[in-house]
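Here is how the chains run, residue by residue.
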Number of protein chains: 2
Amino acid sequence: MSESSTTDTKTSILDAAEMLFVEKGFDGTSLRSVVAKADVNIAAVHYHFGSKESLIQAVLARRLEPINRERLERLAALRESNGKGELQLEDVLRALFEPALRLAGGGEPGSNNIVRLIGRIFSEPSHALQLFLKDRFRDVFENYTSAFREILTELPDLDFYWRIHFMLGAMCHTLCDRERPVILSGGVCDVESQHEVLEQLVAFVAGGLRAQSTGGK
Amino acid sequence: MSESSTTDTKTSILDAAEMLFVEKGFDGTSLRSVVAKADVNIAAVHYHFGSKESLIQAVLARRLEPINRERLERLAALRESNGKGELQLEDVLRALFEPALRLAGGGEPGSNNIVRLIGRIFSEPSHALQLFLKDRFRDVFENYTSAFREILTELPDLDFYWRIHFMLGAMCHTLCDRERPVILSGGVCDVESQHEVLEQLVAFVAGGLRAQSTGGK
DNA sequence: AATTCTTTCAAACGTTTGTTTGAATTTGCA
DNA sequence: TGCAAATTCAAACAAACGTTTGAAAGAATT
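Q: So what exactly am I meant to see when it comes to the overall build of chain A here?
A: Within chain A, the secondary structure is distributed over 10 helices and 0 strands. Helices and strands appear in chain A in the N-to-C order α-α-α-α-α-α-α-α-α-α. Taking as baseline every contact in chain A between residues at least 6 positions apart, the subset at least 24 positions apart corresponds to 73%. Taken as two groups, the 25 positive and 31 negative side-chain charges of chain A have centres that lie 3 Å from each other.

Q: What exactly am I supposed to notice about the interface of chain B and chain A here?
A: Interfaces are often described in size by the accessible area the parts lose on coming together. Contact with chain B, which involves 54 residues of that partner, is made by 54 residues of chain A. A buried area of about 4400 Å², summed over both sides, lies between chain B and chain A, and 72% of it is on carbon and sulfur atoms. The largest contributions to the chain B side of the interface with chain A come from Trp162, Gln200 and Phe204 of chain B, which together make up 18% of the buried area. Here chain B and chain A share 0 salt bridges between them. Run the count over chain B and chain A and you get 11 residue pairs in polar contact (both at pLDDT 80 or more). Breaking the side of chain B that touches chain A down by element, the ones donating at least two residues are α1 (3-24), α7 (127-151), α8 (157-176), α9 (180-184) and α10 (194-210) of chain B. The leading source of residues in the side of chain B that touches chain A is α8 of chain B, at 17 residues. Looking at the side of chain B that touches chain A residue by residue, the class counts come to 27 nonpolar, 14 polar and 13 charged.

Q: Looking at this structure, I do not really get the relation of the copies chain B and chain A. What am I missing?
A: Between the two chain copies there is a screw-like relation: a rotation about an axis and a shift along it. The operation relating chain B to chain A is a screw motion whose rotation component is 180°, with 0.0 Å of axial translation and a residual RMSD of 0.1 Å. The transformation just described matches what one would write down for a two-fold rotation axis. The rotation axis passes nearest to the C-alpha of Gly208 of chain B in chain B, at a distance of 2.1 Å. Here 100% of the interface residues in chain B have copies in chain A that are interface residues too; the copies meet face to matching face.

Q: Can you walk me through the packing of helix α4 (residues 52-82) of chain B against α7 of chain B in this structure?
A: Relative orientation and spacing of two packed helices are given, respectively, by the angle between their axes and the distance between those axes. Residue and element names in this part refer to chain B. With their axes 10 Å apart at the nearest point, α4 and α7 run at an angle of 10° to one another. Taken together, the axes of α4 and α7 are roughly parallel relative to one another. Of the residues that constitute the contact of α4 with α7, the class distribution is 14 nonpolar, 4 polar and 6 charged.

Q: What is the right way to read the packing of helix α5 (residues 89-104) of chain A against helix α6 (residues 111-120) of chain A from this model?
A: All names here are of chain A. The geometry of α5 relative to α6 is characterised by a closest axis approach of 6 Å and an angle of 135° between their N-to-C directions. Considered as vectors, α5 and α6 are oriented oblique to each other. Here α5 contributes Ala100, Leu103 and Ala104 to the contact with α6, which in turn contributes Ser111, Asn112, Ile114 and Val115. Partitioned by chemical class, the residues of the contact of α5 with α6 number 5 nonpolar, 2 polar and no charged.

Q: So what exactly am I meant to see when it comes to the environment of Ala100 of chain B here?
A: Checked against the element boundaries, Ala100 of chain B lands in helix α5 (residues 89-104). Under the relative-accessibility criterion, Ala100 of chain B is labelled buried at 2%.

Q: What am I meant to see in the pattern of salt bridges here?
A: Once their charged atoms are close, side chains differing in charge can pair, the charge on each being opposite to the other. If you walk through the whole model with that rule in mind, you get 29 salt bridges over all chains. Among the ionic pairs, Arg94 of chain A bridges to Asp91 of chain A, the shortest N-O distance being 3.5 Å. Taken together, the residues span about one helical turn, with Arg94 of chain A and Asp91 of chain A both in helix α5 at a distance of 3 residues. With a closest N to O distance of 2.8 Å, Arg180 of chain B and Asp177 of chain B form a salt bridge. A relative accessible area of 13% places Asp177 of chain B in the buried class. Within the structure, one salt-bridge network assembled from shared partners comprises Asp15, Glu18, Arg62 and Arg63 of chain A.

What counts and how
- Residues numbered from 1 in each chain as written.
- Chains lettered and ligands numbered in written order.
- Predicted model: local features only at pLDDT ≥ 70, side-chain atom pairs only at ≥ 80, totals over all residues.
- Heavy atoms only, no water.
- Helix = DSSP H or I, 4+ residues; strand = E, 2+ residues; numbered from the N terminus.
- Contact = heavy atoms within 4.5 Å.
- Lys, Arg positive; Asp, Glu negative; His and termini not counted.
- Charge placed at Lys NZ, Arg CZ, Asp CG, Glu CD.
- Buried area = accessible area lost by both parts, 1.4 Å probe.
- Salt bridge = Lys/Arg side-chain N within 4 Å of Asp/Glu carboxyl O.
- Polar contact = N/O pair within 3.5 Å; in protein donor to acceptor, adjacent residues only side chain to side chain.
- Nonpolar A, V, L, I, M, F, W, Y, C, P; charged D, E, K, R; others polar.
- Least-squares fit on C-alpha atoms with pLDDT ≥ 70 in both.
- Axes fitted to C-alpha atoms, helices over the stretch in contact; angles between N-to-C directions.
- Parallel < 35°, antiparallel > 145°, perpendicular 65-115°, else oblique.
- Buried < 20%, exposed > 50% of the residue type's maximum accessible area, 1.4 Å probe, protein only.

As structure tokens, this is what we get:
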């Protein structure tokens, strides 16, 4: 088996699909446009991935796996370095946001696009995709939720879970739409500055999470 | 001309399309599935709307117009009732969020779905749709942005615009995904309670907007 | 060199897509 | 009632869709 040629074809398809999914969406992207961009035969998609649905999941898995692995590693590292001390909210937020945001400012050309894709998948209607994501994010969600729970001890459950939800919204929206802040602000915001995006997002979310409870039980 | 029959056909198409767009997305919804649900002839779509793209915009416009009109009215009312006094952040947030959120708890069965659709359109890749939305939201955006600017006087421009962006993210995510909070929280959150959603969202966003600046210029 | 497995390819499969046509039907107005 | 406009309808259009096929080409193993 030609390891390199196989990898090249598969990778070409993944790269092309990734870009087109960002531009046109999953349903809006045809396999024919993918193989045209990748310069491979259309049958190669089904040979290497089996179906369009599986291709979508492969595109996502390739990026989500390292991101979510690093998220877990960084949270574990925070716990270890802190000993028995309390976790700091901003540290946990950075550990959660940065692995995804760094891809946006990363070196490889395509990596900028995938960030938008990751932000968008949560609002995709496909049930199969939602189940797939639930699996991929379970560990990250459980670990970070309990970390936040340790920090926000005084917050009632009701407020806590709502705010986790809002936090995900701010994060997904930021990942998804890389142009709006620049347009809205007339060029003041710089989405290319990974540090700026991260610190602004951390400050906003931390402020939201720490806000006084609305008085729920 | 039979006003009622015409209206009925057009409305049936709009209602059916609205529900299917929520379930399957714009690209994932075929006109044939729309006319099947609406129980009308397929040619009726092009007779009344011209094209699928125009149908999409008509579905959105029907709901967005009253929502955005009420948003502007409520902000104007706030300004008037306050006289020369300062606007209160929470009041402005409620004026912005409630017209959309109220549809979720509204009486008519279909209205629950459209809220999810409104939350999702911002992450739609279609350029034509983005231009359409930019037009529809211009007034609301400009008026509310200047209102927030009056309130958050001490916030640097950089922080201000980023936070407007994050606020939209939390709002869209909340509108878009009506099940996640319930699932995440194991039933603690109640998305059916319009008051609960509104006050939780207002508290989080207000906390985020009021957070200390990260030290930008 | 012969053989087996992997990978690529052009071509076609049947379906479904958005859109159009032209005739039939219904409606509003004189 | 009669005419003209508005609306509905069945049928068909070309194009694009995801998927499959079976043979050709390539790589690895014996």
